[in-house]
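Now for the letters of each chain:
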Amino acid sequence: MGDIEMVKDISVVPEVHFLEEVLERISRGELRVPKFQRPFLWRPDQMLQLFDSMERGYPMGSLLIWETTMPLASLDVIGGRSIPPAPEGAKVAYVLDGHQRLSTLFGVLHRSADAPQSAQQEDWMWWVYRPLGRSDHDGVRYRHWKSGEATPGNFLPMRSVLGTLDFLEYARKLSDVSDSREEADSLTNESERIAKRVKNYKVSVVKMEGGTLRQAIEVFSRINSSGQKMRPDQMVSALTYEVTGPETLSDKMEEIKERVAASGFGEIPIMTIFQTVLALSGEEDVQRDTSWETMARKVQDQLTTAVEDADRILQEVVEFLRDEVRVPLARLVPYNIQIMLLAVFFHFSGNADAEQRDKLRNWFWTTSLAGTFAGATTTQVRNSIQQMKAFAQGKSGLSFSGERARAFPARFDLRSARVRAYLLWDLQTFPERKNLDGSIANVLEQLATAHTETYRHIITQSGVPGASSPANRIVMTTPPGVSIRQALIRLAEEGRTDILDSHGVSLASIEHLKVDDYTSFIITHQREVAARERQFIESLGIESADKEVGEADIDTE
């Protein structure tokens with residue numbers, strides 16, 4: 001704790017409290033969770049392990065709280081339960097470390113009797129029970145009840161252990177579920193022992209008093225060096241709270257994310273939105289991994305305007321990608337850095353002319369096909385931002401010198417930017433694919449929900465050379481019991497070339513399927529598809545690869 005005590009103007013008081021007292025402070029609104037904290041992320045099994053550890057007498061770790069008179073935006077719901085506003089004029093304590101643990105304990109132990117119980121996780125996760133009368137206690141002794149039906153009578157609801165009347169009511173019911181007076185007494189004694197454990201459980205609390213929000217966040221960031229760290233956007237959001245007010249930077253970026261998703265484009269990662277906000281505020285080192293305190297100080301005066309600009313500009317970026325580059329979904333953008341750089345262009349260009357937009361489209365395809373931003377460094381991203389600004393302002397062009405398209409991907413893996421680029425070409429080359437019955441396949445709807453399953457294998461047998469190739473995938477719906485391979489053979493035999501053409505599958509390649517020569521089919525179809533893609537690449541003025549097929553590097557962010 002030495003680092004804490006050295007922070008100027010902050011005094012540190014280590015204390016020990018009964019858990020019951022700590023939870024009561026939450027219920028009165030005196031102990032709160034600041035909005036800049038990461039959301040509740042614990043899995044149900046982690047919640048059960050916490051209660052099991054408490055019963056065994058294991059320590060749950062110290063809580064770090066900051067007591068201050070500074071009004072701070074905080075959550076009004078903790079552990080699925082509403083809490084009252086902070087007492088007016090009183091000192092309020094904010095949880096800087098221990099949110100997950102306190103949310104679990106408050107949400108379970110202070111659960112109201114009429115709280116919903118259902119098969120939905122958002123309901124059952126807060127209902128934790130301790131089965132009584134079990135002799136096997138080697139594993140975790142606590143359980144969730146994942147049903148809206150009544151729980152077994154010997155399941156002690158943990159919500160009842162802190163309420164005297166609730167506990168007495170449960171204890172009275174134990175005699176109804178017991179086969180004998182002796183069993184009832186045994187279960188009652190066990191439940192009393194568990195309740196006593198919880199009531200007498202003591203928590204170590206490190207209380208900080210005084211100091212500024214910036215100091216409090218710095219202390220938290222140093223202590224919380226393991227586990228689920230704050231993301232850079234959350235850190236800057238916390239450090240700029242005094243500028244942005246109750247609606248934090250994180251809140252505003254979540255709103256942008258939701259608006260873009262609602263447009264049908266899908267979700268843009270928060271970190272991409274964050275980098276865009278930084279870039280539009282004038283910052284060029286948007287990929288740094290440390291010194292977020294310095295970053296916050298540099299950009300805080302421009303943040304409010306930058307967020308508003310990012311909201312508007314990202315909508316313009318989405319329109320450009322969809323309408324001019326023909327990128328239908330965010331998840332198909334090869335590199336998220338491209339979204340940020342496009343935002344920089346539209347922000348600094350004013351009204352881009354047709355020539356600029358055409359060059360920008362070529363830039364997108366070139367960087368996607370060449371793998372330009374694979375493992376991009378801080379320096380590379382900074383230089384790209386500077387180049388994009390200069391291009392937007394008409395001071396220079398976009399240089400593609402030395403960029404060359406990578407070979408047709410050998411594997412279908414959407415973590416590869418080259419595969420995403422292939423899919424973008426594939427989608428616009430075959431816009432109206434037909435199913436076996438002649439109906440049009442809604443490829444985008446399928447991709448938006450289950451992108452891996454959308455492109456189905458033609459050859460499903462294991463061990464076939466080239467089976468991982470995108471050329472062994474197709475988007476087509478077939479009746480139950482009919483494989484894609486069987487469907488293609490049937491279409492060829494019936495002369496339904498319109499359906500085959502809608503997928504770019506030739507009759508020559510299907511001849512290999514008819515004689516079960518799967519390897520030759522894949523090679524033939526791959527050559528046909530790769531040749532058509534190469535024509536597209538060269539039509540953009542991009543130099544194609546010197547070999548036909550190459551490894552699909554996993555290089556998306």
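So, here's what we can say about the structure.

Reading the values: the criteria
- Residues numbered from 1 in each chain as written.
- Predicted model: local features only at pLDDT ≥ 70, side-chain atom pairs only at ≥ 80, totals over all residues.
- Heavy atoms only, no water.
- Salt bridge = Lys/Arg side-chain N within 4 Å of Asp/Glu carboxyl O.
- Helix = DSSP H or I, 4+ residues; strand = E, 2+ residues; numbered from the N terminus.
- Buried < 20%, exposed > 50% of the residue type's maximum accessible area, 1.4 Å probe, protein only.
- Axes fitted to C-alpha atoms, helices over the stretch in contact; angles between N-to-C directions.
- Parallel < 35°, antiparallel > 145°, perpendicular 65-115°, else oblique.
- Left-handed = near helix turned anticlockwise from the far one by under 90°.
- Contact = heavy atoms within 4.5 Å.
- Nonpolar A, V, L, I, M, F, W, Y, C, P; charged D, E, K, R; others polar.
- Expected span 1.5 Å × (residues − 1).
- Polar contact = N/O pair within 3.5 Å; in protein donor to acceptor, adjacent residues only side chain to side chain.
- Pairing = 2+ DSSP bridges.
- 1 Å grid on protein atoms, 1.4 Å probe; cavity = no way out; pocket = protein on both sides within 12 Å on 5 of 7 lines; lining within 4 Å.
- Points joined across faces, edges and corners; volume = space filled by probe spheres on them.
- Phe/Tyr/Trp six-rings, centres within 6.5 Å; stacked < 30°, edge-to-face > 60°.

Across all of its chains, the model carries 36 salt bridges by this definition. Between Arg56 and Asp52 there is a salt bridge; the shortest N-O distance is 2.5 Å. With a gap of four residues between them, Arg56 and Asp52 both fall in helix H3 (residues 44-56), about one helical turn apart. Since its relative accessible area comes to 29%, Arg56 is described here as partly exposed. Looking at Asp52, the relative accessible area reads 6%, which means it is buried. The salt bridge involving Lys257 is made with Glu267; its shortest N-O contact spans 3.7 Å. Of the two residues, Lys257 sits in helix H11 (residues 249-265) while Glu267 sits in the loop between H11 and helix H12 (270-280), which places them 10 residues apart along the sequence. On the basis of relative accessible area, Glu267 is assigned to the exposed category, the value being 54%. Linked through salt bridges whose partners overlap, the residues forming this network are Asp52, Glu55, Arg56, Arg130, Arg141, Glu190 and Arg193.

Another point: the packing of H12 against helix H14 (residues 303-325). Axis separation between H12 and H14 bottoms out at 8 Å; the angle between their running directions is 120 degrees. If you check the angle between H12 and H14, you find them oblique. For the pair H12 and H14, the sense of crossing is right-handed. Across the interface between the two elements, Ile273, Thr276, Val277 and Leu280 of H12 pack against Leu303, Ala306, Val307, Asp309, Ala310, Ile313 and Leu314 of H14. Tallied by class, the residues present in the contact of H12 with H14 amount to nine nonpolar, one polar and one charged.

Positionally, Ser509 belongs in helix H23 (residues 507-514). Taking relative accessible area as the criterion, Ser509 reaches 0% and is therefore assigned buried. C-alpha separation for the pair Ser509 and Phe521, spaced 12 residues apart in sequence, amounts to 5.2 Å. The residues touching Ser509, leaving out its near neighbours within four places in the chain, are Phe521, Thr524, His525 and Glu528.

Right, let's get into helix H18 (residues 417-429). Along an α-helix, a turn takes 3.6 residues, which lines up residues three or four apart on a common side. For H18, with 13 residues, the first-to-last C-alpha span of 18 Å sits near the 18 Å given by 1.5 Å per residue. With respect to burial, H18 is a largely interior element, 12 of its 13 residues being buried. At its buried positions, H18 is contacted by H14, helix H16 (354-370), strand E11 (408-409), helix H19 (443-449) and helix H24 (518-539). Two or three places before Arg418, at the opening of H18, Ser416 has a side-chain oxygen 3.3 Å from that residue's backbone nitrogen.

The next point concerns the environment of Arg130. The residue Arg130 is located in strand E7 (residues 128-131) in this model. Separated by 25 residues in sequence, Arg130 and Phe155 place their C-alpha atoms 5.5 Å apart.

All right, on to the pairing of E7 then. Residues Val128 and Arg130 point to one face of E7 and Tyr129 and Pro131 to the other, with burial holding for every one of them. Pairing between E7 and strand E8 (residues 143-144): two bridges, direction antiparallel. Its bridge partner being in E8, Val128 is matched across the sheet by His144. Pairing of E7 with strand E9 (residues 155-157) involves three bridges; the strand directions are antiparallel. Bridging from a neighbouring strand, Tyr129 pairs with Pro157 of E9.

Here the idea is plain: a probe the size of a water molecule rolls over the atoms and shows the empty space left. Considered as a void within the structure, the second largest pocket measures approximately 370 Å³ in volume. In terms of lining, the second largest pocket is formed by 16 residues, of which the most central are Thr151, Pro157, Arg159, Tyr170 and Lys173. Every element with two or more residues in the lining of the second largest pocket is listed here: E9 and helix H6 (164-177). For the lining of the second largest pocket, the element with the most residues is H6, which contributes four residues. The class makeup of the residues in the lining of the second largest pocket is eight nonpolar, four polar and four charged.

Enumeration according to the criterion identifies 16 aromatic pairs in this entry. Look at Trp127 and Tyr129: their rings are 6.4 Å apart centre to centre, the planes differ by 15 degrees, and that puts the pair in the stacked class. Like Tyr129, Trp127 is buried. Three or more aromatic residues link up through ring pairs in this structure, and these residues are Trp127, Tyr129, Trp145 and Phe155.

Function cannot be read off these values alone, since they describe shape.
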